[in-house]
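Structural description and commentary
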Amino acid sequence: KSSKREWKPLEDHSCTDVPWLLLFILFCIGMGFICGFSIATGAAARLLSGYDSYGNICGQKNVKVEGIVNSGLDLTHKKYVFFLDPCNIDLVHQRIKSLALCVSACPRKELKTLADIQKFAETNGSTLCSYELLPSEYATDPRAAKLCPKYPVPESAPIPFFHRCAPVNISCYAKFAEALITFVSDSSALHRLISGVMTSKEIIMGLCLLSLVLSMILMVIIRYISRVLVWILTILVILGSLGGTGVLWWLYAKQRISDSAVETQIAKDNLQALLIYAISATVFTVILFLIMLIMRKRVALTIALFHVAGKVFIHLPLLVFQPFWTFFVLILFWTYWITVLLFLGTTGNPVPNEEGFVEFRMVGPLKYMWWYHVVGLVWISEFILACQQMTVAGAVVTYYFTREKRNLPFTPILASVNRLVCYHLGTVAKGSFIITLVKIPRMILMYIHTQLKGKENACARCMLKACICCLWCLEKCLTYLNQNAYTATAINSTNFCTSAKDAFVILVENALRVAAINTVGDFMLFLGKVLIVCSTGLAGIMLLNYQRDYTIWVLPLIIVCLFAFLVAHCFLSIYEMVVDVLFLCFAIDTKYNDGSPGREFYMDKVLMEFVENSRKSMKEAGRGGGAEGRELKPM
């Protein structure tokens, strides 16, 4: 008997990587503790209601802070935070460098003098100067220059739910906007761009919907045009490489003839450079042709897999909506994460700073909760994406290894989700944790590189970039291996390490096929993304052209094209995932089955035709001869 473990698709179901599931649950409990701690220490109230520079929370009675004047005030009727100089933004520390007060109402019109500020206080009962000054003293007290707002006081309005007075005119934040949007030189240009977006919002929404529809249509019809796309790609590569090489040799010959009479050093250098370029292009073209010659028969497998993937979406239409659910869950989690992050920014004990005002700081081990929260962002986000991969893998595996398609479950997607929740959450937690271990060091190195920009020497900069690049490559390789490990887990219900080892062995045995699918297939999907973006952009140009006389439509068109690319990427990445799962199922099917009684193939008839054609070519070339014969030998 063979010592190798047999693959038994969908026959047994058992829980996998339970310790990792328990570890993930404990980690999530820790995330919940951080949220509860920040709310219990008053951070939620400080975030939502706002607080002044003396540590008083607006809209309630406060407790006295030792050593701080104007603290412990009853501000029940003063519900809004007002900054004396709201435009003074510290970009480095990401805060407003201004005295903050609690006021009864925000100034709804511009106040140009101290007299206007005094009149506003007497009329509305909202004192915009520091608490120790009475409204009658605004115009006479010499301290008013420091304790009253910098005038003219811009018109402001309260931010919904957060009770902060924010200037209505965004030109107040010119410095901040300049740091984020470098191409805006004045507020009028920004106003025109924003007005263009607001004027064209119906067209933008319609074009975004169009990109969504085009992506869904492309996922259905791509199996019919995959062969055409492959031929287009092949012809473009051949013409491009031959044309580039021919032009370089033509330029070299022309330069040599024209410079034969003139012997200068510059002419010799140019001629030598052209010769090097022409020889390099020739070598590249020859290598490219050899690779295409070796891969030509494996392209047929890519086309067959794309054809079967189209059938999968017809039998499993809910796969199309998988990006929606994943995106919705990610948005919910990111909203929660940002909310807790804001809570953490206002939690801690009141501490006087150098200026005599109050800041809230965490002391002791609690100040490291930030790092725990950041790790949670990466791990849980990767966990959610891995759940999508496992769900898609489980549904496609169910489709592939069900001989009679009429016997498929009513909803294979829900059946796959049920298996994920009942058996494989631990495997998903372990796989996502491995990606987290690689991603966090890369993020730290990127942060260090950003902070040291312009300060480090060339050698340090080169080493940092090399480390970041290596970690990025490792992350991509591990992500691909994880995806195949999830497929192996969905097939055989084995733990993560066993599944990753089995999947890796299968991929190594079919290395050339993997290369063909990941090059030709990825380029076909890239062409699909380009097609959707170009179609949506063309429709946008035609529709927005009618508004060219009264609005700027450059920004709306950029927004539409970016959204179209994002939508196309989300949908076609699901298609790519389905193709990868189908390939692993096909490789396992051909390795352990040969079509004989008792060992019948599970594959679709399109893939069966590919297998038969491969067998015929093997018989003609001689069984077992060459690399191709060895790769097809298990059939």
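Worth saying up front: this structure is predicted, and the values here are computed from it rather than measured.

**What to know about the overall build of the protein chain**
- Counting secondary structure elements, the protein chain contains 17 helices and eight strands.
- Residues classed as buried in the protein chain amount to 44% of the 635 residues present.
- Pairs at least 24 apart in sequence give 71% of the contacts found in the protein chain among residues at least 6 apart.
- Entry remark: accessible area of the protein chain is about 34,100 Å², with carbon and sulfur atoms responsible for 68%.

**Examining helix α11 (residues 412-451)**
- Here α11 is 40 residues long, yet its end C-alpha atoms lie only 49 Å apart, well below the 58 Å a rise of 1.5 Å per residue gives.
- Of all the bends in α11, the largest measures some 85 degrees and sits at His-424.

**Description of the environment of Met-205**
- Residue placement: Met-205 occurs in helix α7 (residues 201-258).
- For Met-205, a relative accessible area of 61% gives the class exposed.
- Separated by 355 residues in sequence, Met-205 and Val-560 have C-alpha atoms that sit 8.4 Å apart.

**Thoughts on the state of the cysteines**
- Taken as a whole, this structure holds three disulfides when the rule is applied.
- Cys-106 shares a disulfide with Cys-165; S-S distance 2.0 Å. Here the S-S torsion is close to -80 degrees, and the disulfide linking Cys-106 with Cys-165 is therefore left-handed. In this pair, Cys-106 is assigned in the loop between β4 (100-103) and α3 (114-124) and Cys-165 in strand β6 (residues 165-167), connecting sequence segments 59 residues apart. We note that Cys-106, like Cys-165, is buried.
- Here Cys-129 pairs with Cys-148 through a disulfide, and the sulfurs are 2.0 Å apart.

**Description of the pattern of salt bridges**
- Per the counting criterion, the structure on display carries four salt bridges.
- With a shortest N-O distance of 3.3 Å, Lys-439 and Glu-475 are connected by a salt bridge. With a gap of 36 residues between them, Lys-439 in helix α11 and Glu-475 in helix α12 (residues 458-492) connect regions that are remote in the sequence.
- Three or more residues joined by partner-sharing salt bridges are found here, namely Glu-382, Lys-439, Arg-442 and Glu-475.

**Description of the nonpolar core**
- Core analysis: the biggest nonpolar cluster contains 86 residues, and Leu-319, Tyr-400, Tyr-575, Val-578, Leu-582 and Leu-607 have the highest contact counts within it.
- Here this core takes 18 residues from helix α15 (residues 554-592), the largest share from any one element.
- Contacts of Tyr-575, omitting those with residues within four sequence positions, involve Met-219, Ile-222, Arg-223, Phe-306, Ala-309, Gly-310, Phe-313 and Leu-525.

**What to know about the packing of aromatic side chains**
- One pass over the full model with this rule turns up 16 aromatic pairs.
- Ring centres of Tyr-54 and Tyr-131 lie 5.9 Å apart, and the angle between their planes is 50 degrees; on these two criteria the pair is classed as tilted. Pair noted here: Tyr-54 is in the loop between α2 (43-49) and β1 (80-83) and Tyr-131 is in the loop between α3 and α4 (144-147), with a separation of 77 residues, a long-range link.
- Residue class for Tyr-54 comes out buried when judged on its relative accessible area of 4%.
- Judged by centre distance (6.3 Å) and plane angle (55 degrees), the ring pair of Tyr-486 and Phe-496 falls under tilted. Of this pair, Tyr-486 sits in helix α12 while Phe-496 sits in helix α13 (residues 496-509); the two residues are 10 residues apart in sequence, bridging distant segments of the chain.
- Aromatic ring contacts, followed pair by pair, group Trp-20, Phe-24, Phe-27, Tyr-372, Trp-379, Phe-383 and Phe-433 into a single cluster.

**Quick word on the pairing of strand β8 (residues 358-361)**
- Alternating positions in β8 separate cleanly, Val-358 and Phe-360 being buried on one face and Glu-359 and Arg-361 remaining unburied on the opposite face.
- Relative to β8, strand β7 (residues 349-352) runs antiparallel, the two sharing four bridges. Residue Val-351 lies in a different strand from β8, and its bridge partner there is Glu-359.

**Things to note about the layout of surface pockets**
- A volume near 1,300 Å³ is recorded for the second largest pocket.
- Around the second largest pocket, the lining comprises 40 residues; the ones closest to its centre are Leu-385, Gln-388, Gln-389, His-569 and Ser-573.
- Secondary-structure elements contributing two or more residues to the lining of the second largest pocket are α7, α9 (322-346), α10 (369-400), α11, α12, α14 (511-544) and α15.
- Looking at which element gives the most residues to the lining of the second largest pocket, the answer is α15, with 10 residues.
- Looking at the lining of the second largest pocket residue by residue, the classes come out as 22 nonpolar, 11 polar and seven charged.

**Points about the side chain of His-373**
- Looking at where His-373 falls in the secondary structure, it is placed in helix α10.
- The exposure class assigned to His-373 is buried, which follows from its relative accessible area of 0%.
- Not counting residues within four places of it along the chain, the set of residues in contact with His-373 comprises Met-31, Ile-34, Trp-337, Val-340, Leu-341 and Leu-344.

**Focus: the confidence of the model for the protein chain**
- Looking at the protein chain, pLDDT values average 79 and 83% of them are 70 or higher.
- Here residues 175-190 scores under 50 on pLDDT; set against residues more than four positions off or in separate chains, the count is 10 contacts.
- Scored below 50 in pLDDT, residues 623-635 shows 21 contacts in the model against residues more than four places distant or in partner chains.

**What about the packing of α12 against α13?**
- The contact between α12 and α13 brings their axes to 8 Å, and the two run at 110 degrees. Considering the angle they form, α12 stands roughly perpendicular to α13. In this structure, α12 contributes Tyr-480, Leu-481, Asn-482, Asn-484, Ala-485, Tyr-486, Ala-488 and Thr-489 to the contact, and α13 contributes Phe-496, Ser-499, Ala-500, Ala-503, Phe-504 and Leu-507.
- When grouped by side-chain class, the residues that make up the contact of α12 with α13 number 10 nonpolar, four polar and no charged.

**Observations concerning unusual backbone geometry**
- You will see that Asp-17, though not glycine, has its phi angle at about 55 degrees, which is positive.
- Counting through the fold element by element, Asp-17 comes out in the segment before α1 (18-40).
- Using a relative accessible area of 12% as the deciding quantity, one classes Asp-17 as buried.

Analysis parameters
Residues numbered from 1 in each chain as written. Predicted model: local features only at pLDDT ≥ 70, side-chain atom pairs only at ≥ 80, totals over all residues. Heavy atoms only, no water. Helix = DSSP H or I, 4+ residues; strand = E, 2+ residues; numbered from the N terminus. Buried < 20%, exposed > 50% of the residue type's maximum accessible area, 1.4 Å probe, protein only. Contact = heavy atoms within 4.5 Å. Areas by Shrake-Rupley, 256 points an atom, 1.4 Å probe, with all protein chains shown as cover. Expected span 1.5 Å × (residues − 1). Bend = angle between axes of the 7 residues up to and from the residue. Disulfide = S-S within 2.5 Å. Salt bridge = Lys/Arg side-chain N within 4 Å of Asp/Glu carboxyl O. Core = buried A, V, L, I, M, F, W, Y, C linked by side-chain atoms within 4.5 Å. Phe/Tyr/Trp six-rings, centres within 6.5 Å; stacked < 30°, edge-to-face > 60°. Pairing = 2+ DSSP bridges. 1 Å grid on protein atoms, 1.4 Å probe; cavity = no way out; pocket = protein on both sides within 12 Å on 5 of 7 lines; lining within 4 Å. Points joined across faces, edges and corners; volume = space filled by probe spheres on them. Nonpolar A, V, L, I, M, F, W, Y, C, P; charged D, E, K, R; others polar. pLDDT = per-residue confidence, 0-100. Axes fitted to C-alpha atoms, helices over the stretch in contact; angles between N-to-C directions. Parallel < 35°, antiparallel > 145°, perpendicular 65-115°, else oblique.

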